[in-house]
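# Residue-level structure breakdown
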Amino acid sequence: MFKIKKKAEKPKRTVLYNVIEDYSEFDAPGNVTLCAMTEPEDLSTHAKILSESYDVPHETMTTLLTTGGTYVYPQIGGILTRGLFACRIDSAGQGPKQTWTLDLMQFAEAEQVARSRACPMVDAAWEVFWRTLPGELQAKLQQKNFGLDYRTLDRAVAKGGDIKYIDFRKDWSPHFKRLCIMPDGRLVQTGGLQEFAELHGVTGAQTKMLIEQGGTLEVNGEVLACQIVNGQPAVARFSEKNYMKARELVSSKGIHLMDALSEVGYADPAMMRGLARKTLRA
């Protein structure tokens, strides 16, 4: 008899979020992307991914996601250069677990609130963070399950039930996808600097500088352009033809290259279709 070999099962794709709403266009520091999950939390995976994303020790992150609390980033050379990471868990179990970060200014404000009111740091951190959020987001967070109409949700999302956790993210990590508009109007997702570098054929160092500082980067006659909007990188790749048009505008109008690329992009039908799709997804 012949044995029938079973095909090896493909490893199940890690799904960390199935509800995402983008508020990154709002003023900093309230420019966040709300990432939520209705399915049961995979604590091990959740902790691993957040640990990698926010440079928090894995064991510490696991504890935070289990009991709640805050992690203050260590000093470098005796100076604090980053604020804190926080996880808030509703003791009554009525609301979802929530995680977020505070920058240095917010951290200092949270310390003052905690001292003046003699309240736990995580509560002070939430109060300070909450104030910065857009009013639309604040209103939704006060509603059960973010005010979602489960009758209109994708069945796979709705069947999970209540939202189990919300991560308010700002990072560009391997586990959080961001879009790049390509010359033909395609919207290509990449997660993390390395994946972005491989897609565009550039080095990790070039990618890091582009994403963190904004500006342009020539790639085989084409050009990558990154604009930092409210602390969030927005990236597009322009064809050699459009790059040439932009440089002509710089020469004839005396405008900045980024402004010229924007003008050329908005005049390009293919790229405009990509921008329209991005707006519809936001």
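An account of the accompanying structure is given in this report. If you're wondering where the values come from, they're calculated on a predicted model, not measured in any experiment.

For the rest of this paragraph, the subject is the nonpolar core. Leu34, Trp100, Phe129, Leu137, Leu141 and Phe168 are the most contacted members of the largest nonpolar core, which has 28 residues in total. Of all the secondary structure elements, the ones that give two or more residues to this core are strand E2 (33-37), strand E4 (84-88), strand E5 (97-102), helix H3 (104-117), helix H4 (121-132), helix H5 (135-141) and strand E6 (165-169). Once residues lying within four places of it in the same chain are set aside, the contact partners of Trp100 are Leu84, Phe85, Ala86, Arg88, Val122, Ala125, Trp126, Phe129 and Phe168. One finds Met61, Tyr73, Tyr165 and Phe176 within the second-largest nonpolar core, a separate group that totals 18 residues.

Take helix H1 (residues 43-54) next. Spanning 12 residues, H1 covers 16 Å between terminal C-alpha atoms, matching the ideal 16 Å at 1.5 Å per step. Regarding H1, the residues found buried are His46, Ala47, Ile49, Leu50, Ser51, Ser53 and Tyr54. Each element contacted by the buried residues of H1 is listed here: helix H2 (58-67), E4, E5 and E6. Downstream of H1 by one or two residues, Asp55 has phi in the positive range, about 55°.

So, on to unusual backbone geometry. With an omega of 5°, the peptide bond running from Ala28 to Pro29 counts as cis. Residue position: Pro29 is located in the loop between strand E1 (19-22) and E2. For Asp55, which is not glycine, the phi torsion reads 55° and is therefore positive. Along the polypeptide, Asp55 turns up in the loop between H1 and H2. Assessed through its relative accessible area of 52%, Asp55 is described here as exposed. We note that Asn220 has phi near 50°; this positive angle belongs to a residue other than glycine. Asn220 gets classed as exposed once you look at its relative accessible area, which sits at 75%.

This part takes up the environment of Arg247. Assignment of secondary structure puts Arg247 in helix H9 (residues 240-253). By relative accessible area, which is 41% here, Arg247 ends up partly exposed. Along the backbone, Arg247 and Leu257 are 10 residues apart, and their C-alpha atoms lie at a distance of 6.8 Å.

Below, the discussion takes up the side chain of Ser239. Secondary-structure assignment places Ser239 in the loop between strand E11 (232-238) and H9. Judged by its relative accessible area of 18%, Ser239 falls in the buried class. At 3.2 Å, the side chain of Ser239 forms a polar contact with the backbone nitrogen of Asn242. In contact with Ser239, not counting residues within four places along its chain, are Pro183 and Glu222.

Let us look at the packing of H9 against helix H10 (residues 257-267). Running from N to C, H9 and H10 point in directions that differ by 125°, and their axes come no closer than 8 Å. In terms of axis orientation, H9 runs oblique to H10. Remark: the crossing between H9 and H10 carries right-handed chirality. For the pair formed by H9 and H10, the contact residues are Asn242, Tyr243, Lys245, Ala246, Arg247, Leu249, Val250 and Lys253 on the first element and Leu257, Ala260, Leu261, Glu263 and Val264 on the second. Here the contact of H9 with H10 is built from residues that sort into 8 nonpolar, 1 polar and 4 charged.

With that settled, the discussion passes to the sheet that holds E2. The pairing of strands in a sheet comes from backbone hydrogen bonds and takes either a parallel or an antiparallel form. Pairing within the open sheet is mixed, and its 6 strands lie in the order E1-E2-E6-E5-E4-E3. Strand pairing shows two members of the sheet lacking a second neighbour, E1 and strand E3 (69-72), which therefore form its edges. Averaged over all neighbouring strand pairs, the angle between strand axes comes to 15°, with direction disregarded. Bridge count between E1 and E2: 4 bridges; the pairing is antiparallel. Residue pairing in the sheet places Asp22 in a bridge with Thr33 of E2. Contacting E3, E4 and E5, H2 crosses the sheet at an angle of about 155° to E3.

Taken as a whole and judged by the stated rule, the model has 12 salt bridges. Where Lys97 meets Glu41, a salt bridge forms, and the shortest distance between an N and an O atom there is 2.7 Å. Of this pair, Lys97 sits in strand E5 while Glu41 sits in the loop between E2 and H1, placing them 56 residues apart in sequence. When its relative accessible area of 27% is taken as the criterion, Glu41 is described as partly exposed. Of the charged contacts in the structure, one is a salt bridge between Lys144 and Asp162, with a shortest N-O distance of 3.4 Å. Note that Lys144 is positioned in the loop between H5 and helix H6 (155-158) and Asp162 in the loop between H6 and E6, a separation of 18 residues in sequence. Residue Lys144 is classed as exposed on the basis of its relative accessible area of 59%. Each member of the salt-bridge network shares a partner with another, and the members are Glu109, Arg117, Glu127 and Arg131.

Here is what the cut-offs are and how they apply
- Residues numbered from 1 in each chain as written.
- Predicted model: local features only at pLDDT ≥ 70, side-chain atom pairs only at ≥ 80, totals over all residues.
- Heavy atoms only, no water.
- Core = buried A, V, L, I, M, F, W, Y, C linked by side-chain atoms within 4.5 Å.
- Buried < 20%, exposed > 50% of the residue type's maximum accessible area, 1.4 Å probe, protein only.
- Helix = DSSP H or I, 4+ residues; strand = E, 2+ residues; numbered from the N terminus.
- Contact = heavy atoms within 4.5 Å.
- Expected span 1.5 Å × (residues − 1).
- Polar contact = N/O pair within 3.5 Å; in protein donor to acceptor, adjacent residues only side chain to side chain.
- Axes fitted to C-alpha atoms, helices over the stretch in contact; angles between N-to-C directions.
- Parallel < 35°, antiparallel > 145°, perpendicular 65-115°, else oblique.
- Left-handed = near helix turned anticlockwise from the far one by under 90°.
- Nonpolar A, V, L, I, M, F, W, Y, C, P; charged D, E, K, R; others polar.
- Pairing = 2+ DSSP bridges.
- Salt bridge = Lys/Arg side-chain N within 4 Å of Asp/Glu carboxyl O.

Take it as geometry only, folks, not as evidence of what the structure does.
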